[in-house]
Amino acid sequence: MAVAGGGWAAACEKFRSARTLSAVESRKDPETEPYRSKYSARALLQEVKQQLSAAEDCGEARLLAVRRAVLEYELGVNHTDTEELSAGEEHLQRCTQLLEPHRLSRDCVSLYIQAQNNLGILWSERDEIKTAQTYLESAEALYNQYMKEDGNPPLDPSEHFMAEEEKLTDQERSKRFEKAYTHTLYYLAQVYQHLEMIEKAAQYCHTTLKRQLEYCGYYPVEWALNAATLSQYYLSKQCFMESRHCLAAASVIFSQAGQVPSTEDNETEQDQQDLRQRKAEIARCWIKYCLNLLQSARKLLEDNIGELDPDRQLELKAQRKKEEDEKENGRKKAVLFGTSDICDSVLAMEEKVSSVYPLDFQEAREIFLVGQNYVQEAKEFFQVDGYVTDHIEIVQDHSALFKVLAFFEEDYERRCKMHKRRIDMLEPIYADLNPQYYLLISRQLQFELADTYYEMMDLKVAIGNRLEELDSHTIKKINSLAQLAIKYYELFLDSLRNPDKVFPEELEEDVLRPAMVAKFHIARLYGKLITSDSKKQLENMQTSLEYYMFLVDYCEKHPDAVRAVETELELSKEMVGLLPTRMERLRAKLCPFI
């Protein structure tokens, strides 16, 4: 052909220089000229393109077409990189048109798939997700067809501008081709996520992560974050073994990024900060794992009043061992990440925490302690000063870990101490919080503090019921806890009032159940207050009746609310019927003294 000898060697050199400018030199471009190297690369590619346009095919029309397609591809990526999407699309389309008749051949298939990938990315950036999906699924189908019909390592696009002695080995060709296909799957995972095809997105994300490890094509921090994110999908499906495996792999791969440095070097301070943040984010995913596993176990084990059901516990223990062995062996094959050395590290990490439901206090405590360690790790980065919301969410998770551990504890006194730990971590945070700026979090804390005091009061009552006679210390403690619970429930209810301090006639859906539960619990708490003063007892009963009446009246006016508080409404109606009679009896006793 006309581009021969020295001319062809010069064209190859220009092509190589253009790729170096784009991939390497562009990173050093100043902020004032961010695309300087990209524009220089484009000029070189245009020169080579002109040389090829002037060439005569001399019976090598196909070879010439493929080389022109390579240049169109490089120009397409170049224009996309410089945010000139329309021009980028034109070049990429020309590339695929030139390759179309030969797209399944060894010298074209890799380039065609990469062009399809880039068209998929380009349309994603335009928010045309369906169009992006079409290109990427086309690339996926082509890969599968080629591997089925041929399967030999195809040429890398860069080889079309290399001398024979510079050509790549089959091993390197295969590695680059598989990397291009991994990119296809990676972008498809994102497309499916955008289209809310969550299960398919998770499947493609998992396959991508496996392939990245297999072909060593990943950045440790990015890979670890993607694996940790995937773990949360599995968590939502209650696939705890898969979730743990993703998190264990995330922790192992993240450690490849190196220990978090503690140097004074200002140039890398931001990098250190980013690394610390990512480590804390993975720790937060571990917290959610431990918390969800404990909470799911609680749901399996609790009876109709929220206590641990011993018969259910024995039944689950009996069936667990056999089931888990069978299930784990079957499922592990599908999810395992990495080569043998990575697998060993991941399996060692997995052994630190169970993936099966804890069925007693000891098993629950082991999971709790792992979660608590990750709480400390996450709090090291997400401190109150600078990360208020994140810090509070982590403390709330820590409180939730104590709450669910208390469910497994049989001893009421020890259970009470666990709830006291929750109070000690939540109250200082609430005290320092400005509700004007953090209204939602403030409400969450008010309600959780009220609920915790409420549970402690119930436990103290249960402890008192075991005594022959209530002593003054126990009575004082029960009353104190009840009054503190009332205080925080009232604070929560007050936060729902308008600026004129008027309680809403109709509650918003997101606060309907919490508000009704708060009213119901306050009614019950007034009934639990212990006093030897009959007048005070009568006042408490009257207040209790008013709160029960609120629930009944509200549900009569707003029938849609009934579904949210069926149990509480039924009990409230019962108490509205019973309390007036009890109050009359008490008044009759008081009559001689009034």
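The preceding data block contains the structure.
We now turn to the structure provided with this report. All values derive from a computational prediction rather than experimental measurement.

**Examining the pattern of salt bridges**
Piece 1. Evaluated as defined, the whole model comprises 40 salt bridges.
Piece 2. The partner of R19 in a salt bridge is E74, with the nearest N and O atoms 2.8 Å apart. Of this pair, R19 sits in helix α1 (residues 5-23) while E74 sits in helix α3 (residues 61-81), and the two are 55 residues apart along the sequence.
Piece 3. The class for E74 is buried, based on a relative accessible area of 14%.
Piece 4. R211 is paired through a salt bridge with E178; the nearest N and O atoms lie 2.4 Å apart. Pair noted here: R211 is in helix α8 (residues 198-214) and E178 is in helix α7 (residues 170-194), with a separation of 33 residues, a long-range link.
Piece 5. Where salt bridges share partners, they join K49, E72, E90 and R94 into one cluster.

**Remarks on the side chain of H160**
Piece 1. Within the secondary structure, H160 is located in the loop between α6 (129-149) and α7.
Piece 2. The buried category is assigned to H160, whose relative accessible area is 5%.
Piece 3. The residues touching H160, leaving out its near neighbours within four places in the chain, are W8, V66, R67, V70, D107 and L155.

**Description of a nonpolar patch on the surface**
Piece 1. A surface patch of nonpolar side chains, amounting to about 200 Å² of accessible area, comprises L467, L470 and I530.
Piece 2. Assignment of secondary structure puts L467 in the loop between α17 (439-465) and α18 (472-494).

**A short note on the packing of aromatic side chains**
Piece 1. Counted under the stated rule, the structure contains 28 aromatic pairs.
Piece 2. Ring geometry for W286 against Y374: centres 5.3 Å apart, planes inclined by 5°, an arrangement best described as stacked. Taken as a pair, W286 in helix α11 (residues 269-301) and Y374 in helix α14 (residues 361-381) lie far apart in primary sequence, 88 residues in all.
Piece 3. Residue classification places Y374 among the buried positions, given a relative accessible area of 12%.
Piece 4. Here F407 and F408 contribute two aromatic rings whose centre-to-centre distance is 5.2 Å and whose plane-to-plane angle is 85°, an arrangement assigned as edge-to-face.

**A look at the state of the cysteines**
Piece 1. A complete count under the given rule lists zero disulfides for this structure.
Piece 2. Lacking any disulfide linkage, C95 is separated from the closest cysteine sulfur, that of C108, by 9.1 Å.
Piece 3. The class for C95 is buried, based on a relative accessible area of 0%.

Reading the values: the criteria
- Residues numbered from 1 in each chain as written.
- Predicted model: local features only at pLDDT ≥ 70, side-chain atom pairs only at ≥ 80, totals over all residues.
- Heavy atoms only, no water.
- Salt bridge = Lys/Arg side-chain N within 4 Å of Asp/Glu carboxyl O.
- Helix = DSSP H or I, 4+ residues; strand = E, 2+ residues; numbered from the N terminus.
- Buried < 20%, exposed > 50% of the residue type's maximum accessible area, 1.4 Å probe, protein only.
- Contact = heavy atoms within 4.5 Å.
- Patch = residues over 30% accessible without salt bridge, like charges linked within 9 Å, V, L, I, M, F, W, Y side chains within 5 Å.
- Areas by Shrake-Rupley, 256 points an atom, 1.4 Å probe, with all protein chains shown as cover.
- Phe/Tyr/Trp six-rings, centres within 6.5 Å; stacked < 30°, edge-to-face > 60°.
- Disulfide = S-S within 2.5 Å.

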